[in-house]
Each structure stands twice: as structure tokens, then as C-alpha cells.
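# Notes for the structure review
Below, each chain spelled out in residue letters.
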Amino acid sequence: MSLMLGYLNENDSSRWIAKVPGSDIMNGFEETKSPLSGKIITENPIRITGHKIDREEILRHNGMIELYEFFGQRYEYYKQNKSEIKKWLRPNVNFPTREKNDLVLHARCYHDEGLDDWTTPYSYYEKSIQECKNINGDIGQIFICTDNRNDKNIVQNLCKNYGAKISNLSEEEDFSFIMSFNNIAICQSTFSWWAAFLSKASNIFFPKSTCGPWNKKESGIDLKVDDEDRYKYIDT
């Protein structure tokens, strides 16, 4: 099952984090450069797609397992081995730990791609900021990591109304930057989900979505981390 945990697919970019023949390595994770070991089987192939699978059937299968447009965005697949995963996915770039009350927000602007329902709404960020204040008694500096710093719907409004600052870093650096915070507000994006999950943050704000990719009734995605009380679920 290790290949499932190593596969990354964002937009039209598909890459293997784990090293397999003919693969590309995602930048920023030194431990993933080690090749996977084990018996190579090419006979009796089965293909798995989407997010939800029958794990017992896969484990019983004696043959090749082909991951075809398989995303596997379900926490149940990572839960049992999360300690090992957190060691494996250690980024090369590290930032100093931020002040305890600082907050980082991740804004993925899906509406730029015509996917308006996928964008986590502005109200979620307002609720996350307020909840962060309630928990910590105050709030420090707010930062935003985003794929569109010029976005007027969310990003610029957060800068105007809350004095938020936009990071000016590479994708790999943004990932590690998010990890350096004690308070993290993720959005409907596996980028910030993984950064928060791998972090030592005390408070992770998580959107409870009724539409978009994390609407599990439609997509099969279920990334709710049900065994860590640092996750705070915010209605959107």
C-alpha cells in the first residue's frame, strides 16, 4: 500500500513521490528518493481508481496493482501508519517556529479554473480567525499561502480586513512555511492538508464542506482526522 501514500496528483500534474522506475521525484522530500524494495509482480493486474477501495481485496490480491487516476484521499488509509509517514515525508526546507499566536491561511483559488464551488469561502477564513482568537486569547500576525496573490474574492479581502501578509515563496517553501505555524487554517486542498498533518501545530482549522472536492458524499474523499483533538472543524 506504500505506493498509494506516495502518489500525488494536482490539476494536470501527476507525479510519484516514491521512487519507482520511470518516475519523477517531488522536490523537497529527501527521504522519498530511496527506492521501494520488494518483489516486482507484473502478472494478473487489477486497476484501482478514485478514492475509496476495498482494502482487504487489495491486500489479498496476488498480482500487479495498477493505480489509474487513483487519489486515495481517505485518512483511514494513512491512520495506522501515520508515525512512519510523518518520518518519511520530512521536507528538506525548514523554517523557524512561528510565534504561538500567529496564524497561516491557505487559499486555493479554484474559481480561477471555473470551479467556483470548490473554492473554500471567505466566511470560513473569518470563522477560523475568530476561533483562533478564542482559543489563544489573541491573534498575532496572519499570513496567506495561495496560488493567486491577486485574487480579490478572498486573498485581497483578507489583507484589507485583517492585515494579512502574503507569502512570496516557492511551492516547496510554502509547504514548509505552513508547517512552521502553531495555528493553521487549511482549505479544500491536499497541499495544505498534508502540510498541517505533518506539522506540530496545536490548532488546525478544517473546513466542513457541503460542496466541492471534500464533499465526501459525492467524491468519496474523507480526510477528517478523527484521532487528534488539534483539529477544529469549521462549517462553511
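Use the structure listed above.
Throughout what follows, the structure given in this document is the object of discussion. Keep in mind it's a predicted model, so treat the numbers as computed, not measured.

What follows covers the overall build of the protein chain. A count of helical and extended segments in the protein chain gives 9 helices and 10 strands. The buried share among the 236 residues of the protein chain stands at 47%. Residue pairs at least 24 apart in sequence account for 59% of intrachain contacts in the protein chain once pairs closer than 6 positions are excluded. Put simply, the protein chain shows about 12700 Å² of open surface, and 44% of that area lies on carbon and sulfur atoms.

So, on to the nonpolar core. Core analysis: the largest hydrophobic core is formed by 57 residues, its most contacted members being L103, L105, L158, I186, W193 and W194. Residues contacting W194, with those up to four places away along its chain left out, are Y78, I85, L89 and F175.

Taken in spatial order, the 6 strands line up as β7-β6-β5-β8-β9-β10 in an open sheet, and their pairing is parallel. The sheet is open, and its two borders are formed by β7 (165–166) and β10 (231–235), each paired with just one other strand. Docked against the sheet, helix α5 (residues 122–136) engages β5 (103–107), β6 (142–146), β8 (183–185), β9 (203–208) and β10, running at close to 150 degrees with respect to β9. Taken strand by strand, helix α7 (residues 171–179) contacts β5, β6 and β8, and its axis lies near 145 degrees from that of β6.

Taken together, the buried positions of helix α6 (residues 155–162) are V155, L158 and C159. Looking down the long axis of α6, one finds its buried residues gathered within 100 degrees of arc, a one-sided arrangement. Where α6 is buried, its residues meet β5, α5, β6 and β7. Among the residues trailing α6, G163 stands out with phi positive, at a value near 65 degrees.

All right, on to α7 then. Turning to α7, its buried residues number three or more, namely D174, F175, S176, F177, I178 and M179. At its buried positions, α7 is contacted by β5, β6, β8 and α8 (190–198).

Now for the side chain of D102. The residue D102 is located in the loop between α4 (82–88) and β5 in this model. Residue D102 is classed as buried on the basis of its relative accessible area, which comes to 5%. A distance of 3.0 Å separates a polar atom in the side chain of D102 from a polar atom in the side chain of R98. Polar contacts involving the side chain of D102 include one to the main-chain amide nitrogen of Q141, which spans 2.8 Å. Sequence-distant contacts of D102, that is, excluding residues within four places in its chain, are made with G140, Q141, F181 and N183.

Turning to the packing of aromatic side chains, a few remarks are in order. Scanning the model with the defined rule gives 17 aromatic pairs in all. Judged by centre distance (6.0 Å) and plane angle (75 degrees), the rings of Y75 and F197 are edge-to-face. In this pair, Y75 is assigned in the loop between β4 (65–70) and α3 (76–79) and F197 in helix α8, connecting sequence segments 122 residues apart. In this pair, the class of Y75 matches that of F197, namely buried. Between Y231 and Y233 the ring centres are 6.4 Å apart and the planes differ by 20 degrees, which places this aromatic pair in the stacked class. Classification of Y231 by relative accessible area gives buried; the value is 5%. Y233 gets classed as partly exposed once you look at its relative accessible area, which sits at 26%. Taken together through their ring pairs, the aromatic side chains of Y75, Y78, W193, W194 and F197 make up a single cluster. A cation over an aromatic ring shows up here: K86 above the ring of F197, its NZ or CZ 4.6 Å from the ring centre.

Quick notes on the rules
- Residues numbered from 1 in each chain as written.
- Predicted model: local features only at pLDDT ≥ 70, side-chain atom pairs only at ≥ 80, totals over all residues.
- Heavy atoms only, no water.
- Helix = DSSP H or I, 4+ residues; strand = E, 2+ residues; numbered from the N terminus.
- Buried < 20%, exposed > 50% of the residue type's maximum accessible area, 1.4 Å probe, protein only.
- Contact = heavy atoms within 4.5 Å.
- Areas by Shrake-Rupley, 256 points an atom, 1.4 Å probe, with all protein chains shown as cover.
- Core = buried A, V, L, I, M, F, W, Y, C linked by side-chain atoms within 4.5 Å.
- Pairing = 2+ DSSP bridges.
- Axes fitted to C-alpha atoms, helices over the stretch in contact; angles between N-to-C directions.
- Arc of directions from axis to C-beta.
- Polar contact = N/O pair within 3.5 Å; in protein donor to acceptor, adjacent residues only side chain to side chain.
- Phe/Tyr/Trp six-rings, centres within 6.5 Å; stacked < 30°, edge-to-face > 60°.
- Lys NZ or Arg CZ within 6 Å of the ring centre and 35° of its normal.

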